[in-house]
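Examining the three-dimensional arrangement
Each chain is listed here by its residues.
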Amino acid sequence: MSVIQPGTATLRKAKKTTVKTCLDNPFVFQWKTIDGEDMHFILETLEERIKHIGLKKIESPRKKKRSLTKKQTERKCDAGANDFPKEEAESHPPKPGWTDVSIRRQLAIGVNEVTKALEKNELLLLLVCKSAKPAMLTSHLVELSASRATPAGQVPRLSETLAPLLGLTSVLALGFRKHSDTFTEAVAAIIPKIPALEVPWFQYRTEESMAYADTDSSGSLEPEELAEVLGDKLTSQKRKHMESSQPDLSHVILQPLKIKKLVPNPNKIKKPPRKKKKAFSA
């Protein structure tokens, strides 16, 4: 039998179980995907408008590091080609950045920028690409856009169609701000094609989407007249919003909150301090 020498045995401390508190949502939110003719109409309308404006992001070319052998060969070639005249006419590349900054400020591109604009209630329309994975990237925009009364929908091939035109790698979310005068006609034509979002505590259609549906039902209006009507309604809505800053919660239906189980956090339990033993001198 192995004998344990005194002073060598140690007690293993049990690992503390980490408890994380999280708030779960019993509801499952899903986007209403826009397919068929409405999808092609939305993509064609945006594609034509962006091509007409010419909005694009130009990136500066990246300089590649050259190896020592290439530099030596170039110096030899330059030394041998000194006898020939050089042409100084060089084409100036365009400046990096957006072609028109004022038009770019009328849009919210990307999930982060769209989320910030929705929180400030600055968007008039929101389009989300179906190819966004995982779905958690854009799932929070459903209830956020419903709470701000902003029409929103999921459009397949949105990033595939608009990203090359804008000079970007991907466009997972695209929002149109309320002061976007350049895209007024396009927004007025797209909003009636977007279905209303279904959120349990917002069981009604927004006033703005109903107004756009009314404008769509009167098909005799031309695009210019439709844009004027849309602008008048937007100004009236802004005045109402300025007059009454508090939102109308008469249509809001609250659902009961059910608590299944309460688990105390053991890390927050206060334990009595241990008394230190005093060492007695011999």
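Model, not experiment: these values are computed from the prediction.

So, on to the packing of helix α1 (residues 37–53) against helix α6 (residues 158–166). Geometry of a packed helix pair, given as the angle between the helix axes and the separation of the axes. Across the interface, α1 lies against α6 with an axial gap of 10 Å and an inter-helix angle of 5°. Taken together, the axes of α1 and α6 are roughly parallel relative to one another. Residues Leu 43, Leu 46, Glu 47, Ile 50 and Lys 51 of α1 touch α6, and the partners they reach there are Leu 158, Thr 161, Leu 162, Leu 165 and Leu 166. Of the residues contributing to the contact of α1 with α6, the split by class is seven nonpolar, one polar and two charged.

It is worth spelling out unusual backbone geometry at this point. In this structure, the amide linkage connecting Lys 133 to the following residue, Pro 134, adopts the cis form with an omega of -5°. For Pro 134, the position within the fold is in the loop between β4 (123–129) and α5 (136–147). In this model, Asn 121 sits at a positive phi of 60°, which is unusual for a non-glycine residue. Counting through the fold element by element, Asn 121 comes out in the loop between α4 (111–119) and β4. Its identity is not glycine, yet Ala 149 carries a phi of approximately 55°, on the positive side. You can see Ala 149 is positioned in the loop between α5 and β5 (152–155).

Under the criterion given, the structure shown has one aromatic pair. The ring of Phe 41 carries the charged tip of Lys 193 above its face, separated from the ring centre by 5.3 Å.

Rules used throughout
Residues numbered from 1 in each chain as written. Predicted model: local features only at pLDDT ≥ 70, side-chain atom pairs only at ≥ 80, totals over all residues. Heavy atoms only, no water. Axes fitted to C-alpha atoms, helices over the stretch in contact; angles between N-to-C directions. Helix = DSSP H or I, 4+ residues; strand = E, 2+ residues; numbered from the N terminus. Parallel < 35°, antiparallel > 145°, perpendicular 65-115°, else oblique. Contact = heavy atoms within 4.5 Å. Nonpolar A, V, L, I, M, F, W, Y, C, P; charged D, E, K, R; others polar. Phe/Tyr/Trp six-rings, centres within 6.5 Å; stacked < 30°, edge-to-face > 60°. Lys NZ or Arg CZ within 6 Å of the ring centre and 35° of its normal.

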